[in-house]
Amino acid sequence: MRLVILGGPGSGKSTQARQLCRHLGIVEISSGNILRRAIASQTDLGHKAQPYVEKGELVPDEILIEFMRQRLLQPDTAKGWVLEGYPRTAFQAEELDFLLEDLNQQLNWAIYLTVPESVMMTRSVARYVPSEQTPPTQNQAQDSTPSTKSRLDDHPKIVPRRIELFYERTVPILEYYGYRQKLLTINGDQPPEQVQQNILHKLELDD
Ligand code: ADP
């Protein structure tokens, strides 16, 4: 099964992606997590992405497309995947299709989690904890990966820009998948278990 999860900031994409992957025994590929890890470990990708991610801007298509291409060629993707946070622009969606065509594979569904803009804002900002309030534990201090769920780009001043970019750059993808009859729209403004159940029901995977 090959799935894409679409939604604005705070729509619950990563929660649903994680549960779906567990349920289906396939790999979760989150562009946001990949980028945050690359930034924390200061890889070449991290250096290129950091100025964009910190400001809530999108990382340029050419950087991410090539990276995701390589990622989707790894052997752990053979049984399928859930892509979370990618594609995020129409160009990325087209490039994903070209890659799948090359590989003789097909996307099953793009799942769109809808939530009102006010929910995107409150959920994202609720994750934000100013860094002085989260002194690292000893283990976390030794570990270079980000410690808590708190993210710099959940800052109340940055979230509106991410929401704006979602409407400007990601919403057009809905039409792209809708036209290809690949779009499943799910109400994301419900408890996570309910959202998951609705997704499984629409995928005809519930019992
Ligand atoms: P969100 O909760 O806003 O969906 P993510 O964790 O998916 O956040 O992404 C965090 C940041 O990483 C984005 O604001 C953007 O800077 C960058 N990013 C992630 N995925 C992409 C992508 N597909 N294209 C461009 N930039 C991306």
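Residues numbered from 1 in each chain as written. Predicted model: local features only at pLDDT ≥ 70, side-chain atom pairs only at ≥ 80, totals over all residues. Heavy atoms only, no water.

Next up on the list: the pairing of strand 5 (residues 183–187). Residues Leu184 and Ile186 of strand 5 are buried on one face, while the alternating residues Leu183, Thr185 and Asn187, pointing to the opposite face, are not. Direction of pairing for strand 4 (residues 109–114) relative to strand 5: parallel, over a ladder of five bridges. When the bridges of strand 5 are listed, threonine 114 appears paired with asparagine 187. (Buried < 20%, exposed > 50% of the residue type's maximum accessible area, 1.4 Å probe, protein only. Helix = DSSP H or I, 4+ residues; strand = E, 2+ residues; numbered from the N terminus. Pairing = 2+ DSSP bridges.)

A volume near 200 Å³ is recorded for the second largest pocket. Looking at the second largest pocket, the residues that line it are Asp97, Leu100, Glu101, Asn104, Gln105, Gln106, Leu107, Tyr176, Tyr177, Arg180 and Lys182. Of all elements in the fold, only helix 5 (90–102) and helix 8 (159–179) reach the threshold of two or more residues within the lining of the second largest pocket. A per-element tally of the lining of the second largest pocket places helix 5 first, with three residues. Grouping the constituent residues of the lining of the second largest pocket by class yields four nonpolar, three polar and four charged. (1 Å grid on protein atoms, 1.4 Å probe; cavity = no way out; pocket = protein on both sides within 12 Å on 5 of 7 lines; lining within 4 Å. Points joined across faces, edges and corners; volume = space filled by probe spheres on them. Nonpolar A, V, L, I, M, F, W, Y, C, P; charged D, E, K, R; others polar.)

This part takes up the sheet that holds strand 3 (residues 81–84). Spatially, five strands are ordered 2-3-1-4-5 in an open sheet, and the strand pairing comes out parallel. Single-partner strands in this sheet number two, and they are strand 2 (27–30) and strand 5. Neighbour-to-neighbour, the strand axes of this sheet turn through a mean angle of 20°, independent of strand direction. In the packing of helix 1 (residues 13–24) onto the sheet, contacts are made with strand 1 (2–7), strand 2, strand 3 and strand 4, and the angle to strand 1 comes to roughly 165°. Where helix 8 meets the sheet, its contacts fall on strand 1, strand 4 and strand 5, and the angle it forms with strand 1 comes to roughly 140°. (Axes fitted to C-alpha atoms, helices over the stretch in contact; angles between N-to-C directions. Contact = heavy atoms within 4.5 Å.)

Another point: the pattern of salt bridges. Here the structure, examined in full by the defined rule, presents nine salt bridges. Taking the shortest distance from any N to any O, the salt bridge between lysine 48 and aspartate 44 comes out at 3.4 Å. With lysine 48 and aspartate 44 both in helix 3 (residues 44–55) and four residues apart, the pair spans about one turn of that helix. By relative accessible area, aspartate 44 is classed as exposed at 54%. In this structure, aspartate 154 engages arginine 151 in a salt bridge whose closest nitrogen and oxygen atoms are separated by 3.9 Å. The exposure class of aspartate 154 is buried, given its relative accessible area of 0%. Several salt bridges converge on common partners, so that one network encompasses Arg127, Arg151, Asp153, Asp154 and Arg162. (Salt bridge = Lys/Arg side-chain N within 4 Å of Asp/Glu carboxyl O.)

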